[in-house]
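Observations on chain architecture
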Amino acid sequence: MRVDVVSIFPSYFDGLALSLLGKARDAGILDLRVHDLRDWTHDRHRTVDDTPYGGGAGMVMKPEPWGLALDELVGVSADAPAVTGERPTIIFPSPAGELFTQRTARELAMREHLVFGCGRYEGIDERVFEYAAELGEVRLISLGDYVLNGGEVAVMAMVEAIGRLIPGVVGNPESLVEESHEDGLLEYPSYTKPSVWRDRAVPDVLLSGNHGAIAAWRREQQLERTRARRPDLLGE
Ligand code: ADE
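Structure report, in brief. Here the structure is a predicted model, which is why all the values come from computation and not from measurement.

1. Quick look at the pattern of salt bridges
Oppositely charged side chains are able to pair whenever their charged atoms sit close together. Tallied over the entire structure, the rule returns 15 salt bridges. For the salt bridge of R46 with D39, the shortest nitrogen-to-oxygen distance reads 2.7 Å. The class of R46 is partly exposed, set by a relative accessible area of 32%. Ionic pairing is found between D232 and R230, a salt bridge with its closest N-O pair at 3.0 Å.

Structure (structure tokens):
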């Protein structure tokens, strides 16, 4: 999968060189490229923002650098992945977008080319979204119902959630199946050695060797936790 990220703070993404995603990049499974939006400015101050038409607080990101960035990354002459002609998916993180969930991550993990555009300030000139829609499928996606200072942290979270679902990134694919949200429930509790720690014993059933009883206990724990912490997932 090819992933391009455009930001005025590219060093935010240094962390993606670590751990599983770093290994996936080294192995060539994930071709992740981070770009500085200011490289597509042409004035001395490398300006990316300006005051809003109609007045109001804050600054708005100018359309010109975004247009040039999109032309280079997904335009007709772009050095885009040599793929089957699938349109790229262009994602703008925004608190005004659709909610990002495990389902979104699964869906996006099947794409060949994702482009993330990180907004800052009061947002990006609206015409950028219209132009991007001519080049690919545009998605505005929110990490949750709270406001971050910009899209970078949201994109870090999305790239990690999506990247670990690409086949070969997580060594044991079974570990992907048994985690929170994969079956609509929260994950069951886990224990390891020692069997007693500070007077606290591991539940007997897990030491019983009875796989049926263990599976039933884990299911019950999933339901109990989900009911207590996230009744919305059960439609309650
Ligand atoms: N940018 C600012 N807040 C955000 C949020 N909640 N989700 C995605 N991008 C954002």
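2. Comments concerning the packing of aromatic side chains
Taken as a whole and judged by the stated rule, the model has 3 aromatic pairs. Their ring planes at 75° and their centres at 6.2 Å tell us that W66 and F92 sit as a pair that is edge-to-face. Of this pair, W66 sits in helix α2 (residues 63–74) while F92 is found in strand β5 (residues 89–99), placing the two residues 26 residues apart along the sequence. Each member of the pair W66 and F92 is classed as buried. For the ring pair F92 and F129, a centre distance of 4.8 Å and an interplane angle of 85° mean the geometry is edge-to-face. Placement of F92 in strand β5 and of F129 in helix α4 (residues 127–135) is noted, with a sequence separation of 37 residues between them. Residues F92 and F129 agree in their burial class; the two are buried. Among the aromatic residues, those joined into a ring-pair cluster are W66, F92 and F129.

3. A few points about helix α1 (residues 19–26)
Within the span of α1, buried status applies to L21, G22 and A24. Along the long axis of α1, the arc covered by the buried residues comes to 160°, so they all point the same way. Turned more than 90 degrees away from the buried face of α1 sit S19, K23 and D26, all of them exposed. Buried residues belonging to α1 abut α5 (152–163). Directly after α1, the chain includes G28, whose backbone phi takes a positive value near 80°.

4. Concerning empty space enclosed by the protein
For the coordinates displayed, the defined rule picks out 1 cavity of 30 Å³ or more. Of the residues in the lining of the largest cavity, the class split is 8 nonpolar, 1 polar and no charged.

5. Quick look at the sheet that holds β5
Reading across from one edge, β2-β1-β6-β5-β7 is the order of the 5 strands in this open sheet, with parallel pairing throughout. Here the strands that pair on one side only, and so sit at the sheet edges, are β2 (31–36) and β7 (137–142). Geometrically, the sheet is characterised by an average inter-axis angle of 30° between neighbouring strands, direction not taken into account. In this sheet, strand β6 (residues 113–117) lies alongside strand β1 (residues 2–7) in parallel orientation, the contact comprising 5 bridges. In the strand pairing of β6, R2 is matched with H113. The sheet strands contacting α4 are β5 and β7, and the helix crosses β5 at an angle near 140°. Of the strands in this sheet, β1, β5, β6 and β7 are in contact with α5, which crosses β6 at around 160°.

6. With respect to the layout of surface pockets
Roughly 470 Å³ of volume is contained in the largest pocket. Along the wall of the largest pocket there are 26 residues; nearest its centre are P93, S94, P95, E122 and G123. Elements supplying a minimum of two residues to the lining of the largest pocket: β5 and β7. Grouping the constituent residues of the lining of the largest pocket by class yields 14 nonpolar, 9 polar and 3 charged. Looking at the second largest pocket, its volume works out to about 310 Å³. When residues of the lining of the second largest pocket are assigned to their parent elements, the largest contribution, 3 residues, is made by helix α3 (residues 102–108). Residue composition of the lining of the second largest pocket, grouped by class: 3 nonpolar, 5 polar and 6 charged.

Parameters at a glance
Residues numbered from 1 in each chain as written. Predicted model: local features only at pLDDT ≥ 70, side-chain atom pairs only at ≥ 80, totals over all residues. Heavy atoms only, no water. Salt bridge = Lys/Arg side-chain N within 4 Å of Asp/Glu carboxyl O. Buried < 20%, exposed > 50% of the residue type's maximum accessible area, 1.4 Å probe, protein only. Phe/Tyr/Trp six-rings, centres within 6.5 Å; stacked < 30°, edge-to-face > 60°. Helix = DSSP H or I, 4+ residues; strand = E, 2+ residues; numbered from the N terminus. Arc of directions from axis to C-beta. Contact = heavy atoms within 4.5 Å. 1 Å grid on protein atoms, 1.4 Å probe; cavity = no way out; pocket = protein on both sides within 12 Å on 5 of 7 lines; lining within 4 Å. Points joined across faces, edges and corners; volume = space filled by probe spheres on them. Nonpolar A, V, L, I, M, F, W, Y, C, P; charged D, E, K, R; others polar. Pairing = 2+ DSSP bridges. Axes fitted to C-alpha atoms, helices over the stretch in contact; angles between N-to-C directions.

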